[in-house]
Amino acid sequence: MSTQVPALLDGLVDDAAVFPPGNAPLPDAVAAHRRHRAAWYADLVGPLLVPATRLPELAGLLGADERIAVGVIGDVPLDRLDEVRATADPRIHVRLVEAAVAKRGEDPLPGLTELVALARRAGGAGPAALDAVHAELPLTFGLMGALDALAAARADGVPIAAKFRTGGLAAELFPTPAELAAVICACRDRDVPFKLTAGLHQAVRHLDPETGFTHHGFVNVLAATLAAAGGATVARVAELLTAADPRPLLQHAEAGLDAPRPLWIGFGSCSILEPLTDLIRLGLVNGGFAA
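I will try to describe carefully the structure that is included in this document. Computed from a prediction, not measured in an experiment: that's the story for all the values here. (Residues numbered from 1 in each chain as written. Predicted model: local features only at pLDDT ≥ 70, side-chain atom pairs only at ≥ 80, totals over all residues. Heavy atoms only, no water.)

## A short note on the overall build of the chain
What counts here: To qualify as a helix, a DSSP run of H or I must reach at least 4 residues; to qualify as a strand, a run of E must reach at least 2; elements of each kind are numbered from the N terminus. When we talk radius of gyration, it's over C-alpha atoms, and the globule rule is simply 2.2 Å times the number of residues to the 0.38. Residue contacts are counted whenever heavy atoms from the two residues lie within 4.5 Å of one another. The positive count covers Lys and Arg only, the negative count covers Asp and Glu only, and His and the chain ends enter neither. Think of each charge as sitting on NZ of Lys, CZ of Arg, CG of Asp or CD of Glu.
When helices and strands are tallied, the chain shows ten helices and ten strands. Taken against the 2.2 N^0.38 rule, which gives 19 Å for 291 residues, the C-alpha radius of gyration of the chain at 18 Å falls within 12% of a compact globule. Dimensions of the chain, computed from the C-alpha atoms along their principal axes, are close to 50 × 50 × 40 Å. Of the contacts formed within the chain by residues at least 6 apart in sequence, a portion of 73% connects residues at least 24 apart. Across the chain, the 24 positively charged side chains and the 33 negatively charged ones have centroids separated by 1 Å.

In structure tokens form, the structure reads like this:
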């Protein structure tokens, strides 16, 4: 049986196997990523996410004629990201660079200005050009001003987008449905695409019995984003983010399966098979293996 991932889910899940909570050894992550890229569900999978400091190690794991597309996560100062990209092994295609521009409570604009400059330099045509730079913004002080700056840069042709955290090891790292809905609608109003990271472990909103944290569901986010792109209010978007019943979420998703996903770039997951299994279970992907 041959199965095709619908356009709505194309590239939804970046491969963050080496990051918490999975923490896979890089050799294992690279081997698994090769399998994902060759599988029937390959269209669901985005690039392998790798810390900037581990690119030399990654190069040592590649065959002589092998090529791999990666997203580089900035675990070095912002002013070193150009150097990291420029010195990467030519077998490594750095598609994306993602970096936090500020900690919670800090003004994001100085760091964002630096990252916009990198994106401006790295954009354009050619094999070394980046598809995008993702600026991770804290959901606190200065957020709306930072989104205005991103919108202005994008209007000038700079390939940059937003990134937000939706979970972590502390309760305050989980935005409420109302907070996340406001962010989604703010991005919509400015035509700024966004990516999410952390906490999206299952398709539907749920309570983790081990931590006591309530996690956002990635199908909740998908439905909420589709509604926002269609002009829904913040209250309606928050309602979809809150839903624990998948049925209203699936109504939104199924109506848009054949069209590209608006606004939401996708999310990183330390497991590819877990979100895939949820999508099959909900009927958004028809599970099967190519003959």
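## Focus on the state of the cysteines
What counts here: The term disulfide is used for any two cysteine sulfur atoms that are within 2.5 Å.
This model, assessed by the stated rule, comprises zero disulfides. Cysteine Cys 185 is unpaired, with the sulfur of Cys 187 as its nearest cysteine sulfur at 9.4 Å.

## Remarks on the side chain of His 206
What counts here: Two N or O atoms count as a polar contact when they lie within 3.5 Å, although within protein this holds only if one can serve as hydrogen donor and the other as acceptor, and sequence-adjacent residues are included solely when both atoms are side-chain atoms.
Among the structural elements, His 206 can be located in strand S8 (residues 206–207). A polar contact of 3.0 Å, which involves the side chain of His 206, links it to the backbone oxygen of Val 204. Every residue in contact with His 206, bar those within four places of it in the chain, is listed here: Phe 213, Thr 214 and His 215.

## Looking at the packing of helix H4 (residues 109–122) against helix H5 (residues 143–155)
Counted only if it meets this: Between N-to-C directions, angles span 0 to 180 degrees; the directions come from axes that are lines fitted to C-alpha atoms, helices contributing only their stretch in contact. Roughly parallel refers to an angle under 35 degrees, roughly antiparallel to one over 145, roughly perpendicular to one between 65 and 115, and oblique to any angle outside these ranges. By convention, the crossing between two helices is left-handed when the near helix turns anticlockwise from the far helix through less than a right angle, and right-handed when the turn is clockwise. Gly is put with the polar residues, along with every residue not named as nonpolar or charged; the nonpolar set is Ala, Val, Leu, Ile, Met, Phe, Trp, Tyr, Cys and Pro, and the charged set is Asp, Glu, Lys and Arg.
Relative orientation of the contacting elements H4 and H5 amounts to 15°, with a least axis distance of 10 Å. On the basis of the axis angle, H4 is roughly parallel to H5. The element H4 and its partner H5 pack so that their crossing is right-handed. Seen from H4, the contacting residues are Leu 109, Leu 112 and Val 116; seen from H5, they are Gly 145, Ala 146, Ala 149, Leu 150 and Ala 153. Taken together, the residues of the contact of H4 with H5 sort by class into seven nonpolar, one polar and no charged.

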